[in-house]
Amino acid sequence: MKLVIAIVQDEDAGKVTDALVKGGFRSTRFQSHGGFLRARNSTIMIGVEDRRLDDALRIIRENCRTRTRSVSPLPPVMEPGEFFMPQPVEVQVGGATVFVTNVDHYERV
Ligand code: 2BA
């Protein structure tokens, strides 16, 4: 058994969980925030049998897309009289950040 932890953009999370249900997977979605952009994203936890891991990863790949986000850099420490004009920087986010770990024990009581 594997535990897949997928961090996806909020806009894609509904599509991913719908496709997982259709594919016969159980998942849990929770709200999260990226450490860099501090924007909301979704973390989806999926327990999968080893033989179905590739199917779960395919569903994630097919339902998440890359987007460009604009970030305003934090102002540097300033001396009196200095002026800082922030220039937004573009970063590519996603499709998804995926971690796969082994599960020692799983049960539904
Ligand atoms: P954020 O941390 O808000 O990062 C959003 C995007 O900003 C990243 O997209 C990446 O393009 C850029 N970025 C992040 N940290 C950076 C840095 N130190 N310097 C320059 N650019 C940076 P993704 O790589 O697609 O990541 C999307 C989200 O997935 C992240 O949101 C974070 O919530 C999660 N994530 C990514 N890598 C992770 C990791 N190794 N461990 C835990 N969570 C991770």
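Preceding block: the structure.
Model, not experiment: these values are computed from the prediction.

Cut-offs and rules
Residues numbered from 1 in each chain as written. Predicted model: local features only at pLDDT ≥ 70, side-chain atom pairs only at ≥ 80, totals over all residues. Heavy atoms only, no water. Salt bridge = Lys/Arg side-chain N within 4 Å of Asp/Glu carboxyl O. Helix = DSSP H or I, 4+ residues; strand = E, 2+ residues; numbered from the N terminus. Buried < 20%, exposed > 50% of the residue type's maximum accessible area, 1.4 Å probe, protein only. Near = heavy atom within 4 Å. Polar contact = N/O pair within 3.5 Å; in protein donor to acceptor, adjacent residues only side chain to side chain. Areas by Shrake-Rupley, 256 points an atom, 1.4 Å probe, with all protein chains shown as cover. Contact = heavy atoms within 4.5 Å. Pairing = 2+ DSSP bridges. Axes fitted to C-alpha atoms, helices over the stretch in contact; angles between N-to-C directions.

## Regarding the pattern of salt bridges
Move 1: By the definition in use, this model includes seven salt bridges.
Move 2: Residue Arg69 pairs with Glu11 through a salt bridge whose shortest N-O separation is 2.8 Å. Taken together, the residues span a long stretch of sequence, with Arg69 in strand S4 (residues 67-71) and Glu11 in helix H1 (residues 10-22) at a distance of 58 residues.
Move 3: Overall, Arg69 belongs to the partly exposed group, its relative accessible area being 26%.
Move 4: Using a relative accessible area of 44% as the deciding quantity, one classes Glu11 as partly exposed.
Move 5: Residue Arg58 is joined to Asp55 by a salt bridge in which the shortest nitrogen-to-oxygen separation is 3.8 Å.

## Looking at the site of the ligand
Move 1: Residues in contact with the ligand, as listed here, are Ile7, Gly34, Gly35, Phe36, Leu37, Asn41, Val91, Gln92, Val93, Gly94, Thr97 and Phe99.
Move 2: Contact distances for the ligand include 3.2 Å between an oxygen atom and a backbone N or O atom of Gly35.
Move 3: In the environment of the ligand, an oxygen atom lies 2.7 Å from a nitrogen or oxygen atom belonging to the backbone of Gly94.
Move 4: In isolation the ligand exposes 750 Å². Once the protein is present, 51% of that is buried.
Move 5: Looking at the shell around the ligand, the elements with two or more residues in it are strand S5 (89-93) and strand S6 (96-102).
Move 6: In terms of residue count, the dominant contributor to the shell around the ligand is S5 (three residues).

## Considerations on the side chain of Ser32
Move 1: Positionally, Ser32 belongs in strand S2 (residues 27-33).
Move 2: Residue classification places Ser32 among the buried positions, given a relative accessible area of 15%.
Move 3: Among the polar contacts listed, one links the side chain of Ser32 to the side chain of Asn41, at a separation of 2.7 Å.
Move 4: Within the structure, the side chain of Ser32 is placed 2.8 Å from the side chain of Thr43, a separation counted as a polar contact.
Move 5: For Ser32, the residues in contact, after removing those within four places along its chain, are Ala39, Arg40, Asn41, Ser42 and Thr43.

## Digging into the environment of Phe99
Move 1: Summarising the element assignment, Phe99 is placed in strand S6.
Move 2: With a relative accessible area of 44%, Phe99 lands in the partly exposed category.
Move 3: Expressed as a C-alpha distance, the spacing of Phe99 and Ala13, which sit 86 residues apart in the sequence, is 16 Å.
Move 4: Aside from chain neighbours lying at most four places away, what touches Phe99 is Leu3, Val4, Ile5 and Ile7.

## Some remarks on the sheet that holds S2
Move 1: Strand order in this open sheet of four strands is S2-S3-S1-S6, and the pairing throughout is antiparallel. Two strands lie at the open edges of the sheet, namely S2 and S6, each paired on one side alone. With strand direction ignored, the average angle separating the axes of adjacent strands in the sheet is 20 degrees.
Move 2: Pairing geometry for S2 and strand S3 (residues 40-48), over seven bridges, is antiparallel. Following the sheet pairing, Ser32 is matched in S3 by Asn41.
Move 3: Against the sheet, H1 engages strand S1 (2-9), S2 and S3, with an angle of about 20 degrees to S3.

By themselves, these are just geometric observations and shouldn't be taken as functional.
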